[in-house]
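A look at the structure
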Amino acid sequence: MQNPKAKMDEIKTKFMDLLNKQTNRQVKIPAMGFSDYFIQTVTAAESLKSDNLEKTQSSENDAEIINAQKSDQEILESIEHIYFQVESDTDMYELKKVLGNGVNYDLINSTIAQLRKQHKVLSKKVRQNILEQRSACNEEFVAINETQKELEEALWTCRKARSYLNYARTNLTTTSLEILASYRKREILKELLNSLQAVKKLKSTDVEVQKLLSECNYSGAISLLLRCKNFAVEFMEYNCVQSLNKKLQETLLLTEYQLDTVLNEMILNFDMQKYAKLQEAYKLLNKSLMAMDQLHIHFISAIHSSVNSVIRGYNDPNVDENLKYLYEQLCENVEADKYIPCLISLCKTFWTILASYYQMVMWHQNYKLYSVDTAESPDLYIQEKLKKGKSRIWNDILTKICTFLQSSKLKTLKYDQFIQVLSIIQRLKKVGLEFCGEHSDKLIEIMQIQSEEFFQRYHIACLEEICLFLDNESWTVVDSFGNILQLPEFRSVRHTLRRHKSPPVVLLINSPSVDHSPISNNNCDELVSVHSQDAVSSIYGSYGYFLRFSEKSSPFDGGLDVAMLEEDILSGIVDEASCYFSEESDDEHKSLQSKECEDLTGCNSVTVNNTTLNVFRCIGRYLQMCKLLHCISPKIVMSMVELMDFYAFAVHEIFAKDSVVQMENFYSPKLEEKLDYVRHHVLPNIKIWPLNFSSLINNELANPDTLYGLSQRIVAVESGHCMVQQFQILHTYLNHLLPAQERSMLKNYFDYLNFMMDVGKPVYTCVTSRVIDLTAILTMMAKVKWDVNHVSFQHNNYIDIMNRNIQNFAMRLEEIGKEITVPAEPVWNSMTHVATHLLVEGFSNVKKCSAGGRALMQLDFTNFMSILELISNQKYPECRAYVDLFIKAYYFSNEQFEEWIMEQKNLQTQQYTNKQLTNLIVCACISDKRTRQKLLNLVGNDHHLNTSSTSTAT
């Protein structure tokens, strides 16, 4: 119950609030003369008289009320502001006001009258406001009464509750209280026991975590740590739990460090199950993305650390390991004999890193850590991160490999060793293409530079090697050789040449202008399908390295030593880029060798010597370099051509310089161009040229008993001719190796395949020009009387001598044919050429000749040619026409003679010399000086009388 005084104060407060709710808010009530007593007395009295007062006031006239209201309003507004302030001292204010200038009774009386009037008006206004708020006041008193009633009910309820409590307190026994106390104590003890067990579990967490980590159950260890950490939060009020929580945090950090260590181990020793557990653990830690970033850092670090470790293993062991060397210095310190093993070890290490990364990529493609498939899924971020990381890792590896390849030791390697390097780089390039789709342009550029330098040196070495073979050549046939495909250097192209078979060589020689370019200019990658191999091809060709090998094996294991390199450096691998296939076994090859030789060459026998055999081996090694170095294949193919051209040049220099006749007309423009190219572009690079062939020239080539070394000459020329035939087997395949814009060079070369036959003309002429004693025959012909009137039926004696010489030459050829195969056609063509030009030279030296003498010339020539054609078993229409035309020119009219002279002068290669034409004109026009002078002017030689008669036939 509330205190009655407090209740009364509350009523007074509400009443004051009611008074403040005035109709006219601008009217202010001063505090003077208005106290709590006035409110209590006036309110009661006014409530009894209000009805009567309203009735009496309403009867007054309205005019007086309006005037009174206006005056009351003015009086109210004249009340000073101080009377409306709560804590103001109005008494002292008025006293000071009226007594400020002394005592003025009038002022005092007027002030009192004014204050009374103001008080009266104000009281009247208050009563009016009270009357206006009467209904609200009544409602408030009703509410007060209801409140008082509720307070009384509440007081009764409290008293009743207290009585019930007293009753309960009186009736409860001590036993019941003891039961309650015991129950509470038991609950407290149970809670304490649970707390102790939790603390014990927290204390043993470290041991359990280490056990789980040793079992590679990383997700279980992380899960246990996270549960214990959350559990420890509930018991943080205990000091021991606080220390255990710190220890748990440290254990969690150590566990994350151990997870990072295991993650680093995955780079060089990938384990799919262990990696899956690692990813699950990082998922529990909500650090999968952070782990992926850390993984790439580990990969980059592994590349740098492992490559330094590998190269240090191949450095000089006596070098102080405490010295800090740059990577470039470590590469330079690798010894030359350890260069290739070091490169293989580097590639194996890089393969292990790449294979681990590849398997991680495949794992994330097959397994998802999160089930959310949205654009912001962590799995998508991880896959994108792995995809971008491929290029970065491969570029780091390329940087290391390129730096290693720029070492000066690479320049000291031999051919087989350099081919091994090329094979390793070729496989490494394919690994990069399969790994991240990059073509490794930087690696190709480095190898192109290194290969061009190496190949230039190696090509010069091959030329000098050929020089050594030439210097020690016996010029005999190698009987064991059948086809270039039986050489080990060509083993890797046997299958390819069966696929890209060139037409038979014989047909190509007869039709040199046939274009054998590929059907398409596309790369060999498009022409060869890995699925179109026959039964003897590798079954692994259609699979990538990452499917055929794992991180425990690599494409660089085995098969890269010298023995394997000589057989097939890509054994079991399809090399689509160069159309190379691995080969069948030796037994299978032997069963097909004879058929392949016949199909590819169109012939069953070949003539080669040791030098051309070495040229074949050089070409085979060049092909291996073409296979691995497509970028410089035009230069390599051009070098193959230089080898054969150099051999032709050497044969010409050895065997075509001892002729007794002039041979300018034997050289076609193309042959002269080829010889000049070798003389000006190849010979300056050969330090050991010229060679000393004096022993051969003085002994064999000058010996009439050996027919001036005809057998050696035949072997030299025919070996070169066979070399060109065998090289033609590679025509179609070489087109595949060359870019489309470079194939014209090869086509131009094959358009002139008979250059060895052209070289053979001056070579054989050096022999055939000595078979007949040219000077003696010319002397005998000069003694013959050619201005006879009657035609004789008997040829002259010099024809018999020439016939006997031809018969002796044929017998010598039969003897030589027992040892080697004699090319009858070019040899007899050379013999016929010398003989017919000898006859023309002799006929041109005649000073006087009649028609009978011309008939005698025709008789001698016919007899000689019949015997020559009978012995050689060949026909020589061109040589016949050459002599016949010269003899018949005597019968030409002046106009015909002049026209014939003009035709001879306009020929690109003049058939007859100016001397021969001059002598013919002088003899035919001996009686017509004017015509003779005119014709001589056409020939361009009017000094016919001083012309020497010692010139021999050309």
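Residues numbered from 1 in each chain as written. Predicted model: local features only at pLDDT ≥ 70, side-chain atom pairs only at ≥ 80, totals over all residues. Heavy atoms only, no water.

The name given to the protein chain in an unreviewed UniProt entry is Coiled-coil domain-containing protein 132, and the organism recorded there is Glossina pallidipes.

What follows deals with the overall build of the protein chain. Tallying secondary structure elements over the protein chain gives 39 helices and zero strands in all. Counting every position in the protein chain, which comprises 954 residues, the buried fraction comes to 45%. Of the roughly 50800 Å² that the protein chain leaves accessible, carbon and sulfur atoms contribute 52%. (Helix = DSSP H or I, 4+ residues; strand = E, 2+ residues; numbered from the N terminus. Buried < 20%, exposed > 50% of the residue type's maximum accessible area, 1.4 Å probe, protein only. Areas by Shrake-Rupley, 256 points an atom, 1.4 Å probe, with all protein chains shown as cover.)

Turning our eyes to something else, we now look at the packing of aromatic side chains. Under the criterion given, the structure shown has 28 aromatic pairs. Taking 5.0 Å as the distance between ring centres and 80° as the angle between the ring planes, the aromatic pair formed by Phe 299 and Tyr 357 counts as edge-to-face. Taken together, the residues Phe 299 in helix α12 (residues 288–313) and Tyr 357 in helix α14 (residues 339–366) connect sequence positions 58 residues apart. Here Phe 299 falls in the buried class, since its relative accessible area comes to 0%. Relative accessible area serves as the criterion here: at 0%, Tyr 357 is assigned to the buried category. Each member of the aromatic cluster is reached from another via a ring pair, and the members are Tyr 415, Phe 418, Phe 454, Phe 455, Tyr 458 and Tyr 622. Over the aromatic face of Phe 755 sits the side chain of Lys 674, whose NZ or CZ is 4.7 Å from the ring centroid. (Phe/Tyr/Trp six-rings, centres within 6.5 Å; stacked < 30°, edge-to-face > 60°. Lys NZ or Arg CZ within 6 Å of the ring centre and 35° of its normal.)

Let's shift gears to the pattern of salt bridges. Where charged atoms of side chains with opposite charge meet at close range, the side chains can pair. Inspection of every chain in the model, using the stated rule, returns 14 salt bridges. Note that Asp 676 is salt-bridged to Arg 679, the shortest N-O span being 2.6 Å. With Asp 676 and Arg 679 both in helix α26 (residues 669–682) and three residues apart, this pair spans about one turn of that helix. Note that Lys 785 is salt-bridged to Asp 787, the shortest N-O span being 3.3 Å. Assessed through its relative accessible area of 33%, Asp 787 is described here as partly exposed. Through salt bridges that share partners, Glu 869, Lys 875 and Arg 880 make up one connected network. (Salt bridge = Lys/Arg side-chain N within 4 Å of Asp/Glu carboxyl O.)

Further remarks concern the packing of helix α28 (residues 710–728) against helix α31 (residues 755–771). It is at 9 Å that the axes of α28 and α31 come closest, and there the two elements cross at 175°. It follows that α28 is roughly antiparallel to α31 by the angle criterion. Contacts between α28 and α31 involve Leu 710, Arg 713, Ile 714, Ala 716, Val 717, Glu 718, Gly 720, His 721 and Val 724 from the former and Phe 755, Met 756, Met 757, Gly 760, Val 763, Tyr 764, Cys 766 and Val 767 from the latter. When the residues that make up the contact of α28 with α31 are grouped by side-chain class, the tally is twelve nonpolar, three polar and two charged. (Axes fitted to C-alpha atoms, helices over the stretch in contact; angles between N-to-C directions. Parallel < 35°, antiparallel > 145°, perpendicular 65-115°, else oblique. Contact = heavy atoms within 4.5 Å. Nonpolar A, V, L, I, M, F, W, Y, C, P; charged D, E, K, R; others polar.)

Structurally, Leu 405 is set in helix α15 (residues 378–405). C-alpha of Leu 405 to C-alpha of Gln 450: the two residues are 45 residues apart in sequence and 8.2 Å apart in space. Those residues within four positions of Leu 405 in sequence are excluded, and the remaining contacts are Tyr 339, Leu 410, Val 421, Ile 425, Leu 443, Ile 446, Met 447 and Gln 450.

Geometrically, the link from Trp 689 to Pro 690 is a cis peptide bond, its omega value of 5° lying close to zero. Along the polypeptide, Pro 690 turns up in the loop between α26 and α27 (694–699). Here Ser 440, not a glycine, exhibits a phi torsion of approximately 55°, which is positive. Residue position: Ser 440 is located in the loop between α16 (415–436) and α17 (441–471). A positive phi angle is found at Trp 475, which is not glycine, with a value near 55°. With respect to the helices, strands and loops of the structure, Trp 475 is situated in the loop between α17 and α18 (494–499). Given the relative accessible area of 3%, Trp 475 is considered buried.

Further remarks concern a negative patch on the surface. Judged by side-chain charge, Glu 146, Glu 150, Glu 152 and Glu 153 come together as a negatively charged surface patch. In this fold, Glu 153 is placed in helix α6 (residues 134–171). (Patch = residues over 30% accessible without salt bridge, like charges linked within 9 Å, V, L, I, M, F, W, Y side chains within 5 Å. Lys, Arg positive; Asp, Glu negative; His and termini not counted. Charge placed at Lys NZ, Arg CZ, Asp CG, Glu CD.)

Here we come to the side chain of Ser 850. Its place among the elements puts Ser 850 in the loop between α34 (824–844) and α35 (851–872). Polar side-chain contacts of Ser 850 include one of 2.3 Å to the backbone oxygen of Val 788. Excluding its chain neighbours within four sequence positions, the residues that come into contact with Ser 850 are Trp 786, Asp 787, Val 788 and Tyr 890. (Polar contact = N/O pair within 3.5 Å; in protein donor to acceptor, adjacent residues only side chain to side chain.)

Before going further, it helps to examine helix α37 (residues 894–906). When the terminal C-alpha atoms of α37 are compared, their 18 Å separation across 13 residues agrees well with the 18 Å that a helix rising 1.5 Å per residue should span. Here α37 has its buried residues at Phe 897, Trp 900, Ile 901 and Gln 904. Looking down the long axis of α37, one finds its buried residues gathered within 100° of arc, a one-sided arrangement. Within α37, the exposed residues directed more than 90 degrees away from the buried face are Glu 895 and Asn 906. Contacts from the buried residues of α37 go to α36 (877–888), α38 (914–924) and α39 (929–939). (Expected span 1.5 Å × (residues − 1). Arc of directions from axis to C-beta.)

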